[in-house]
Amino acid sequence: MVIIYRYISFNFIKSFFIVLLIMSTLAWITQAIGYIGLFIDKERTLIDFFKLTILMYPWVISMLIPASLLIASVLSIDRMTKDSETVILDTSGVSLFQKVYPYIAITLLVTILHYSLTLYLAPWSMSHFRDNINEIRSDIISSSFKKNQFNTPNNDYTIYVSEKSEVGNFIGILIKDNNSDEITVTYTAKNGRLIDIEGQLILEMSDGIIFSENKYANNSINRISFENYKMNLTNIFDFAESKYSKLSEKSLTELIESISSEIEINSLSTQIMNETHMRIASPLYTIAFLFISLFYMQKNANFRNINIKYFFYVGSIAFLLKLSGSILANELKEQNLYYIHYIPPISVISLYLIYLMTYNLKEFQRVNEIIK
């Protein structure tokens, strides 16, 4: 039996990882494409793009593990049936439990992996991904100080530079300030650089002129020359938040700490509780999907053929099961009905275990009758 277990396990694992790799890569590419424009606009390299978007991969994998395992189990059982291996096992006296044991064992290991991804790694990676995206979006050096381009970071300021060095220094700067209702101020300078002073972003300009013009008076332009002038840009630009706070991007430990910090049961604590239980219930769909596949794909299998309707049943029931779980999760966001998240997957798991025990009991009774 050990050789049979190894053979089934190897084929199942190989199918699972191939399907997961293909599906997750396609999903990751679909997600990553949406950020190409941002990286081009911010003048980031292709290496930066891959280094950042790869952080989405654990989250993508955690979403696709149940479906990948479902497809892998269907492919594995279908292959064994077409190669007459299922019939050989049946005629050799291998029980149903012995046939499904390798699938269940591998699925339990995959479920543990799924828990580690869902509860810790995926939230951590997505949190870092959002932080880096916000940092890129807040990069005013690349977005507002582009060579030979007029850029408007907000409606009150226009910025232009003639040249920009690799170290971040500028040559030929023009900044137009329309923040005032009465006066337009224009800053020009031959050189400039950005510096950070106690958390304040400062543009230091040298050898320049400040022009101030009254908007309601003709020919009323004042001119002031300067050798060195510092302009605080911190209040000019809208910087993104350094921390992108979402419940789905908190680890299980952070969710539990958030719950314990809530003294009273309110709307926020209810959402945190629902997110926590939904996160714990989600990997159970991996086991539920496998049991759906095992029930139908090993049901009344012919010599080298599986009834096509069983493929339809497996896909449809798995889809409806996951859909019902998603609908429940959405409807329960504001409700104190946390444990309902577990009902869809545990119902399927319980039904199959009852079926498995009943089938093995009948098989045992039939063997006893033959012996007698």
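Residues numbered from 1 in each chain as written. Predicted model: local features only at pLDDT ≥ 70, side-chain atom pairs only at ≥ 80, totals over all residues. Heavy atoms only, no water.

(A) Highlighting helix α3 (residues 46-53). Of all the positions in α3, only Phe-49, Leu-52 and Thr-53 are classed as buried. Looking straight down α3, one finds its buried side chains confined to an arc of 85°; they lie on one side. Facing away from the buried surface of α3 by more than 90 degrees, the exposed residues are Ile-47 and Lys-51. (Buried < 20%, exposed > 50% of the residue type's maximum accessible area, 1.4 Å probe, protein only. Helix = DSSP H or I, 4+ residues; strand = E, 2+ residues; numbered from the N terminus. Arc of directions from axis to C-beta.)

(B) A look at the nonpolar core. If you look at the biggest cluster of nonpolar residues, it comprises 56 residues, and the most contacted ones within it are Tyr-103, Phe-129, Leu-290, Phe-291, Ile-292 and Leu-294. Every element with two or more residues in this core is listed here: α1 (2-33), α2 (36-41), α3, α4 (57-82), α6 (96-137), α10 (284-297), α11 (308-331) and α12 (343-371). In contact with Ile-292, other than residues within four places in its own chain, are Val-314, Ile-317, Ala-318, Leu-321 and Val-348. (Core = buried A, V, L, I, M, F, W, Y, C linked by side-chain atoms within 4.5 Å. Contact = heavy atoms within 4.5 Å.)

(C) Here's a closer look at the packing of α4 against α11. Orientation of α4 relative to α11, taken along the N-to-C sense of each, is 165°, at an axis distance of 11 Å. As summarised for this structure, α4 and α11 are arranged roughly antiparallel, according to the angle between their axes. Here α4 and α11 pass one another in a crossing that is right-handed. Here Leu-70, Val-74 and Asp-78 of α4 come into contact with α11, specifically with Phe-311, Val-314 and Ala-318. Along the lines of polarity and charge, the residues of the contact of α4 with α11 split into 5 nonpolar, no polar and 1 charged. (Axes fitted to C-alpha atoms, helices over the stretch in contact; angles between N-to-C directions. Parallel < 35°, antiparallel > 145°, perpendicular 65-115°, else oblique. Left-handed = near helix turned anticlockwise from the far one by under 90°. Nonpolar A, V, L, I, M, F, W, Y, C, P; charged D, E, K, R; others polar.)

(D) Region of the structure containing the side chain of Thr-107. With respect to the helices, strands and loops of the structure, Thr-107 is situated in helix α6. The residues contacting Thr-107, other than those within four sequence positions of it, are Phe-12, Leu-69, Thr-286, Ile-287 and Leu-290.

(E) Expanded view of the confidence of the model for the protein chain. On average, residues of the protein chain score 82 in pLDDT, and 86% of them reach the 70 mark or higher. Every residue in residues 240-244 is under pLDDT 50, and counting partners more than four places away or in other chains gives 10 contacts. (pLDDT = per-residue confidence, 0-100.)

(F) Structural view of the packing of aromatic side chains. Under the counting rule described, the total for this entry stands at 22 aromatic pairs. Their ring planes at 80° and their centres at 4.9 Å tell us that Phe-295 and Tyr-355 sit as a pair that is edge-to-face. With Phe-295 in helix α10 and Tyr-355 in helix α12, this residue pair connects regions lying 60 residues apart in the sequence. Residue Phe-295 is classed as partly exposed on the basis of its relative accessible area, which comes to 23%. Given the relative accessible area of 25%, Tyr-355 is considered partly exposed. Both rings, one in Tyr-296 and one in Tyr-310, keep their centres 6.0 Å apart while their planes meet at 40°; by these two values the pair is tilted. Of this pair, Tyr-296 sits in helix α10 while Tyr-310 sits in helix α11; the two residues are 14 residues apart in sequence, bridging distant segments of the chain. Of the two residues examined, Tyr-296 and Tyr-310, each falls in the buried class. Taken together, Phe-291, Phe-295, Tyr-296, Tyr-310, Phe-312, Tyr-313, Tyr-352, Tyr-355 and Tyr-359 form an aromatic cluster joined through their ring pairs. Residue placement shows Lys-322 over the ring face of Tyr-285; its charged tip is 4.4 Å from the ring centre. (Phe/Tyr/Trp six-rings, centres within 6.5 Å; stacked < 30°, edge-to-face > 60°. Lys NZ or Arg CZ within 6 Å of the ring centre and 35° of its normal.)

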